[in-house]
Amino acid sequence: MTEHTSDMLPEFHMQHPDDAVYALIAHLVVVLETYDNEDIATAYRNVANILGETEATRILHVMCQVMHVDYLELMQECQAITSRHLSPRLLLHMAVLPVPYVAEQLEVDQYWAAQLLDQFRKHFTIDPPILWLKSFLNITEQERLRYSKEKEDLLMGRAITGTPKDTAEYRRATQYHHKRHELKPPGAPD
């Protein structure tokens, strides 16, 4: 068994969903639960602080991956509505906050904003937004726990258990084993 060290952490992050995405989504849930409909401006500022361009793109990528939605197809369908480049940040803002307010703040035509939201709803069940985000977190609970354990093991210098081996030597040995069993005549000993 190969020992994994913390210098492999960037590679680990490349192969696993970023737990920061789940933390951001949980933070969005808290913001949406605590804002009063009267205080939409504060909620908008808090959501805007959470959803930077990079964070929104990563969140939407992970959501699409988990929910088996083609990210590029979603973005192309939404861009076809406006004939402009669209930001995942805009889509997520409209998904979690009232469309008229978001359209006004981001200076987007309300008709196009409503059309974009309808297109987004074809891929995700976002009504009400808090339940949508909470259900996403519930769906990913097992994956998040496994990911956190593996990350901790990696940081502590322990071997990660339960992950598939993906080394050239392992693949060669596996291929040899399969080829050997394919070539032997039926009933021949191993």
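This structure is a prediction, so every number in the text was calculated from the model and none was measured.

Structural notes on the side chain of Thr82
Mapped onto the fold, Thr82 is located in helix H5 (residues 71–82). Not counting residues within four places of it along the chain, the set of residues in contact with Thr82 comprises Trp112 and Leu116.

Examining H5
Think of an α-helix as 3.6 residues a turn; residues three or four steps apart then line up on the same face. For H5, spanning 12 residues, the distance from its first C-alpha to its last is 17 Å, which sits close to the expected 16 Å at 1.5 Å a residue. Here H5 has its buried residues at Tyr71, Leu74, Met75, Cys78, Ile81 and Thr82. For H5, the angular spread of the buried residues around the axis is 115 degrees, confining them to a single face. Across H5 from its buried face, at more than 90 degrees, point the exposed residues Leu72, Gln76 and Ala80. Of the residues flanking the start of H5, the one acting as N-cap is Asp70, its side-chain oxygen 3.1 Å from the backbone nitrogen of Leu72. Directly beyond the C-terminal end of H5, a positive phi value near 60 degrees is found at Ser83.

Let's talk about the nonpolar core
In terms of nonpolar packing, the biggest core is built from 48 residues, with Leu60, Phe120, Phe124 and Trp132 touching the most fellow members. Ranked by residues supplied to this core, first place goes to helix H2 (residues 19–34) with seven residues. Once residues within four sequence positions are removed from consideration, Phe124 is found in contact with Leu60, Met63, Cys64, Met67, Val69, Leu74 and Trp132.

Section: unusual backbone geometry
Residues Asp127 and Pro128 are joined by a peptide bond in cis, for which omega reads -15 degrees. With respect to the secondary-structure elements, Pro128 resides in the loop between helix H8 (110–123) and helix H9 (129–139). In this structure, His68 takes a positive phi of about 60 degrees despite not being glycine. Overall, His68 belongs to the exposed group, its relative accessible area being 74%. With a phi close to 60 degrees, Ser83 is a non-glycine residue in the positive phi region. Summarising the element assignment, Ser83 is placed in the loop between H5 and helix H6 (88–96). You can call Ser83 exposed: its relative accessible area is 67%.

Overview of the confidence of the model for the protein chain
With 73% of its residues at a pLDDT of at least 70, the protein chain reaches an overall mean of 78. Mean pLDDT across the elements of the protein chain bottoms out in helix H1 (residues 9–15) (50) and peaks in H6 (93).

Some points on the pattern of salt bridges
The tally for this structure, following the rule as stated, stands at three salt bridges. The closest approach of N and O atoms between Lys134 and Glu33, which form a salt bridge, is 2.5 Å. Taken together, the residues span a long stretch of sequence, with Lys134 in helix H9 and Glu33 in helix H2 at a distance of 101 residues. Residue class for Glu33 comes out partly exposed when judged on its relative accessible area of 41%. Linking Asp118 and Arg121 is a salt bridge whose minimum nitrogen-to-oxygen distance equals 3.6 Å. In this pair, Asp118 and Arg121 both sit in helix H8, three residues apart, roughly one turn of the helix. With a relative accessible area of 40%, Asp118 lands in the partly exposed category. Look at Arg121 and you get partly exposed, because its relative accessible area is 34%. When salt bridges with common partners are traced through the structure, they connect Asp118, Arg121 and Asp127 into a single cluster.

What counts as what
Residues numbered from 1 in each chain as written. Predicted model: local features only at pLDDT ≥ 70, side-chain atom pairs only at ≥ 80, totals over all residues. Heavy atoms only, no water. Helix = DSSP H or I, 4+ residues; strand = E, 2+ residues; numbered from the N terminus. Contact = heavy atoms within 4.5 Å. Expected span 1.5 Å × (residues − 1). Buried < 20%, exposed > 50% of the residue type's maximum accessible area, 1.4 Å probe, protein only. Arc of directions from axis to C-beta. Polar contact = N/O pair within 3.5 Å; in protein donor to acceptor, adjacent residues only side chain to side chain. Core = buried A, V, L, I, M, F, W, Y, C linked by side-chain atoms within 4.5 Å. pLDDT = per-residue confidence, 0-100. Salt bridge = Lys/Arg side-chain N within 4 Å of Asp/Glu carboxyl O.

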